[in-house]
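Spelled out, the chains give:
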Amino acid sequence: MAEGGGAASPGGESLLFLTDEQLRKGIEAMFFAYRGFTADPDRILETRGYGRAHHRAIHFINRQQGQTVNTLLAMLGVTKQSLNRVLRTLIEDGLVESRVGRKDKRERHLFLTEDGKALERSLSEAQRVRMRAAYRSAGPAAVAGFRQVLEAMMDPDLRRHYQAMKDSGT
């Protein structure tokens, strides 16, 4: 342990007492990592005229087939108008199917079609390749620490969504 009770990093810095400069470096690393993480899917999406909002919708519909539009809306944190625009495109293009609820006819439940599942697989495979390489390079302890940091950065409502998906094993 480093002085002051914080965990020491390889450079000897105490993680409990990060300077503004160390935090800035972490913020910049997140920006550049996110740019790399989204670059491969962005190229795939661009060929179809889609953007990251389409990717997020496809990803989360796949993770929880049959979820309602309101559940997806809460998870993505976008306006209803914005989500409806994305869903309309995905439905028209045959990637998403919207079904009326059995119990509540006002609800719309979302499912990926076979074409939607194929697109989701290609998008997520591109990201899995990048993450797998990074995880292998960093090692198991770094992977666990990275997940802890990401979970600690989530807003409580989003953390509950994440935890529910993680716990369901879907």
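So, here is what we can say about the structure in this document. (Residues numbered from 1 in each chain as written. Predicted model: local features only at pLDDT ≥ 70, side-chain atom pairs only at ≥ 80, totals over all residues. Heavy atoms only, no water.)

## A word on the nonpolar core
Among the nonpolar cores identified, the biggest contains 22 residues, and Ile-61, Leu-72, Leu-83, Leu-87, Leu-90 and Leu-110 are the most heavily contacted of them. Of all the elements in the fold, those that place two or more residues in this core are helix H2 (52-63), helix H3 (69-76), helix H4 (80-92), strand E2 (108-112) and helix H5 (114-138). Once residues lying within four places of it in the same chain are set aside, the contact partners of Leu-87 are Ile-61, Val-69, Leu-72 and Leu-110. (Core = buried A, V, L, I, M, F, W, Y, C linked by side-chain atoms within 4.5 Å. Buried < 20%, exposed > 50% of the residue type's maximum accessible area, 1.4 Å probe, protein only. Helix = DSSP H or I, 4+ residues; strand = E, 2+ residues; numbered from the N terminus. Contact = heavy atoms within 4.5 Å.)

## Section: the environment of Glu-107
Here Glu-107 is to be found in the loop between strand E1 (96-100) and E2. It is 9.6 Å that separates the C-alpha atoms of Glu-107 and Gln-67, two residues lying 40 residues apart in sequence. Apart from residues no more than four positions distant in its own chain, Glu-107 is found in contact with Thr-68, Arg-99, Val-100 and Gly-101.

## Considerations on empty space enclosed by the protein
Scanning all chains against the criterion turns up one cavity of 30 Å³ or more. For the largest cavity, the full set of lining residues is Ala-53, Arg-56, Leu-76, Val-78, Ser-82, Leu-83 and Val-86. Among the elements of the structure, H2 and H4 are those that each provide at least two residues to the lining of the largest cavity. Here the lining of the largest cavity gets three residues from one element, more than from any other, and that element is H4. When the residues that make up the lining of the largest cavity are grouped by side-chain class, the tally is five nonpolar, one polar and one charged. (1 Å grid on protein atoms, 1.4 Å probe; cavity = no way out; pocket = protein on both sides within 12 Å on 5 of 7 lines; lining within 4 Å. Points joined across faces, edges and corners; volume = space filled by probe spheres on them. Nonpolar A, V, L, I, M, F, W, Y, C, P; charged D, E, K, R; others polar.)

## Overview of the layout of surface pockets
One water molecule sets the probe size; rolling that probe over the atoms shows where empty space is left. Estimates place the volume of the largest pocket at around 2600 Å³. As for the largest pocket, its lining consists of 49 residues, and the residues nearest its centre are Met-30, Phe-37, Phe-146, Leu-150 and Met-154. Listing elements by their share of the lining of the largest pocket, those giving two or more residues are helix H1 (20-46), H2, H3, H5, helix H6 (140-153) and helix H7 (156-168). Considering each element in turn, the lining of the largest pocket owes the most residues, 13 residues, to H1.

## Some details on the packing of aromatic side chains
The geometry of two aromatic rings is summed up by the distance between their centres and the angle between their planes. Here the structure, examined in full by the defined rule, presents zero aromatic pairs. Between Arg-99 and the ring centre of Phe-111, over which it is positioned, the NZ or CZ distance is 3.8 Å. (Phe/Tyr/Trp six-rings, centres within 6.5 Å; stacked < 30°, edge-to-face > 60°. Lys NZ or Arg CZ within 6 Å of the ring centre and 35° of its normal.)

## Some words on H1
Every α-helix carries 3.6 residues per turn, so stepping three or four residues along brings you back to the same face. Over its 27 residues, H1 extends 37 Å from the first C-alpha to the last, a length consistent with the 39 Å expected when each residue adds 1.5 Å. Of all the bends in H1, the greatest reaches close to 40° and is centred on Ala-39; the proline Pro-41 follows between one and four positions later. Among all positions of H1, only Gly-36, Thr-38, Pro-41 and Leu-45 are buried. Those residues of H1 that are buried lie in contact with H2 and H5. (Expected span 1.5 Å × (residues − 1). Bend = angle between axes of the 7 residues up to and from the residue.)

## Here's the deal with the pattern of salt bridges
Should their charged atoms come close, side chains of opposite charge can pair. Here the structure, examined in full by the defined rule, presents ten salt bridges. The partner of Arg-99 in a salt bridge is Glu-97, and the shortest N-O contact between them spans 2.9 Å. Using a relative accessible area of 37% as the deciding quantity, one classes Arg-99 as partly exposed. Given the relative accessible area of 35%, Glu-97 is considered partly exposed. Lys-117 serves as the salt-bridge partner of Glu-114, at 3.5 Å between the closest nitrogen and oxygen. One end of the pair, Glu-114, and the other, Lys-117, are both in helix H5, three residues apart, so they sit about a helical turn from each other. Of the residues examined, Glu-114 reaches a relative accessible area of 56% and is grouped as exposed. Through salt bridges that share partners, Glu-21, Arg-24 and Glu-28 make up one connected network. (Salt bridge = Lys/Arg side-chain N within 4 Å of Asp/Glu carboxyl O.)

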